[in-house]
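Notes for the structure review
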Amino acid sequence: MKPAASIVIFTTVSGTAQGVAVALAAATLAESAPAALRPMLWAVAALLLAALAASFFHLGHPLRAWRAVLMWRTSWMSREVIALPAFLLIVAAWAWQAPDWPAAHPGHQVFAWLVIVGSLVLWYCTAMIYASIRFIQEWAHPLTIVNYVTLGLASGLVACGALAVAAGERDFAQALAPWALASTAIAWFTRWLSLRRNASLKPRSTVQSATGIPSARIVQKSMGMTGGSFNTREFFHGASTAALRSVRIVFQVFAFAIPLLLLAWAQHAESGSLWLFAVLSQTAGLLAERWLFFAQARHPQNIYYQVVS
């Protein structure tokens, strides 16, 4: 598939924002929320708004975006379109009310649970947009859902630590460090499992089944009338196998290996700048990971349309 920059940015930023919100909600339930809870919640709302804005660039007619909710009974994308604004409203409402409540106010607990549930629902809806497409083998697996959740939690915990340092909450960031390390390691493991699975997949469709020609040897000589069509532009990324292999290595280094080293260092050095470097590295790595997620998906139509000898 051809990765759309708007969707790459949307899924990365939205997942991170959800992870930050879950981290703050869990800290609230554990009665260890930071004093800078309100500005951090507004930062989450800003990230969600940025993600929502990025998604509009993927639409052919943005003014008709409201129609996306009409198919909520059958479409996971419609459900996502409903879940994201609802989640944003929950986060914004909590941020709005936070200054009027003491730390022990039961309202914080209610909002914390709403944020956790809302985030899980949104992750599930987003992941199911891809996991429900059965003819794309790389996506049609429970690991797609697992990866959306684990990557979101990992990036969210790292980003939450960076925000805490920026807000002067060094102690809160230090308390988050072991959780950020564990979640990043788990995210790396689950993503490695999906990479391993995808590498072993064998296409169910062949040139014979795509063309309906039973001959044992079929060679495509020309795209013919399909040259330069929607099919040849939107369902293939155009990158070489070597490029895909390089991106696979690069995203694991930047999204997982470097942040793990920096977070382990930050635990002992107590340096706030290490959190900033960790979130910058992980964000770059996750953007590359999301690009590969789409680029690795082999649409069966490419067997017929894409290859030119």
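Now for a description of the structure that goes with this document. Every chain begins its residue count from 1, and numbering advances along the sequence as written. Whole-chain, interface and lining totals are the exception, using all residues; otherwise, since this is a predicted model, local features are given only for residues with pLDDT of at least 70 and side-chain atom pairs are given and counted only at 80 or more. Note that the side-chain values use all heavy atoms of the structure and ignore hydrogens as well as water.

Description of the pattern of salt bridges
Salt bridges are identified by distance alone: a Lys or Arg side-chain nitrogen within 4 Å of an Asp or Glu carboxyl oxygen. In total, this model carries three salt bridges according to the counting rule given. For Glu138, the salt bridge identified is with Arg298, shortest N-O distance 2.7 Å. Taken as a pair, Glu138 in the loop between α4 (106-131) and α5 (142-166) and Arg298 in the loop between α10 (272-295) and α11 (301-305) lie far apart in primary sequence, 160 residues in all. One salt bridge connects Glu289 with Arg290, and the closest N-O pair in it is separated by 2.9 Å. Only protein chains enter the accessibility calculation, which uses a 1.4 Å probe. A residue is then buried if its area is under 20% of the maximum for its type, exposed if over 50%, and partly exposed in between. You can call Glu289 buried: its relative accessible area is 1%. Within the structure, one salt-bridge network assembled from shared partners comprises Arg191, Glu289 and Arg290. Under the DSSP-based scheme used, a helix requires at least four consecutive residues in state H or I and a strand at least two consecutive residues in state E, with every element numbered from the N terminus.

Details of a nonpolar patch on the surface
Patch criteria: residues need more than 30% relative accessible area and no salt bridge. Like-charged residues are merged within 9 Å; nonpolar side chains of Val, Leu, Ile, Met, Phe, Trp and Tyr are merged within 5 Å. For every accessible area listed, the method is Shrake-Rupley and the probe measures 1.4 Å; residues are considered covered only by the protein chains on display. Where nonpolar side chains cluster on the molecular surface, the patch consists of Ile249, Val250, Val253 and Phe254 and spans about 310 Å² of accessible area. Residue position: Ile249 is located in helix α9 (residues 241-269).

Description of helix α2 (residues 37-56)
Spanning 20 residues, α2 covers 29 Å between terminal C-alpha atoms, matching the ideal 28 Å at 1.5 Å per step. All buried positions along α2 are accounted for by Leu37, Met40, Leu41, Val44, Ala45, Leu48, Ala51, Ala54 and Ser55. Contact criterion: two residues are considered in contact whenever any of their non-hydrogen atoms come within 4.5 Å of each other. Buried residues along α2 sit against α1 (5-29), α3 (76-97), α4, α5 and α6 (170-199). Helix span, expected: 1.5 Å multiplied by one less than the number of residues in the helix.

Quick look at the side chain of Arg191
For Arg191, the position within the fold is in helix α6. Of the residues examined, Arg191 reaches a relative accessible area of 3% and is grouped as buried. The residues touching Arg191, leaving out its near neighbours within four places in the chain, are Asn147, Leu151, Phe251, Phe256, Glu289 and Phe293.

Re the packing of α1 against α3
Each axis is a line fitted through C-alpha atoms, taken for helices only over the stretch in contact, and angles between the N-to-C directions span 0 to 180 degrees. Running from amino to carboxyl end, α1 crosses α3 at an angle of 40°, the nearest separation of the two axes being 12 Å. Between α1 and α3, the crossing angle belongs to the class labelled oblique. The handedness of the crossing between α1 and α3 comes out as left-handed. Facing Phe10, Ser14, Gln18, Ala21, Leu24, Ala25 and Thr28 of α1, the residues of α3 in contact are Glu80, Leu84, Phe87 and Trp94. Tallied by class, the residues present in the contact of α1 with α3 amount to seven nonpolar, three polar and one charged. Between 65 and 115 degrees an angle is taken as roughly perpendicular, under 35 as roughly parallel, over 145 as roughly antiparallel, and anywhere else as oblique. Crossings are classed by handedness, with left-handed meaning an anticlockwise turn of the near helix from the far one by less than a right angle and right-handed meaning a clockwise turn. Any residue that is not Ala, Val, Leu, Ile, Met, Phe, Trp, Tyr, Cys, Pro, Asp, Glu, Lys or Arg is counted as polar, Gly included; the first ten are nonpolar and the last four charged.

A closer look at the packing of aromatic side chains
Only rings of Phe, Tyr and Trp enter the pairing, Trp through its six-membered ring, and a pair is recorded when the two centres are within 6.5 Å. The plane angle decides the type: under 30 degrees is stacked, over 60 is edge-to-face, the rest tilted. According to the stated counting rule, one finds 14 aromatic pairs in the structure shown. Aromatic pair Trp139 and Phe293: ring centres 5.3 Å apart, planes at 15°, arrangement stacked. With Trp139 in the loop between α4 and α5 and Phe293 in helix α10, the pair connects residues that are 154 residues apart, well separated along the chain. Residue Trp139 shares its accessibility class with Phe293, and that shared class is buried. Ring plane angle 25° and centroid distance 6.2 Å describe the contact between Phe189 and Trp192, whose orientation is recorded as stacked. Of this pair, Phe189 and Trp192 both sit in helix α6, three residues apart, which is roughly one turn of that helix. For Trp192, a relative accessible area of 35% puts it in the partly exposed group.

Thoughts on the packing of α1 against α10
As a packed pair, α1 and α10 sit with axes 9 Å apart at the nearest point and diverge in direction by 125°. Between α1 and α10, the crossing angle belongs to the class labelled oblique. You can see that α1 and α10 cross each other, and the crossing is right-handed. On α10, the residues that touch Ile7, Val8, Ile9, Thr11 and Thr12 of α1 are Leu286, Leu287, Arg290, Trp291 and Phe294. Here the residues of the contact of α1 with α10 are counted per class, giving seven nonpolar, two polar and one charged.

Purely geometric stuff here, so don't read any function into it on its own.
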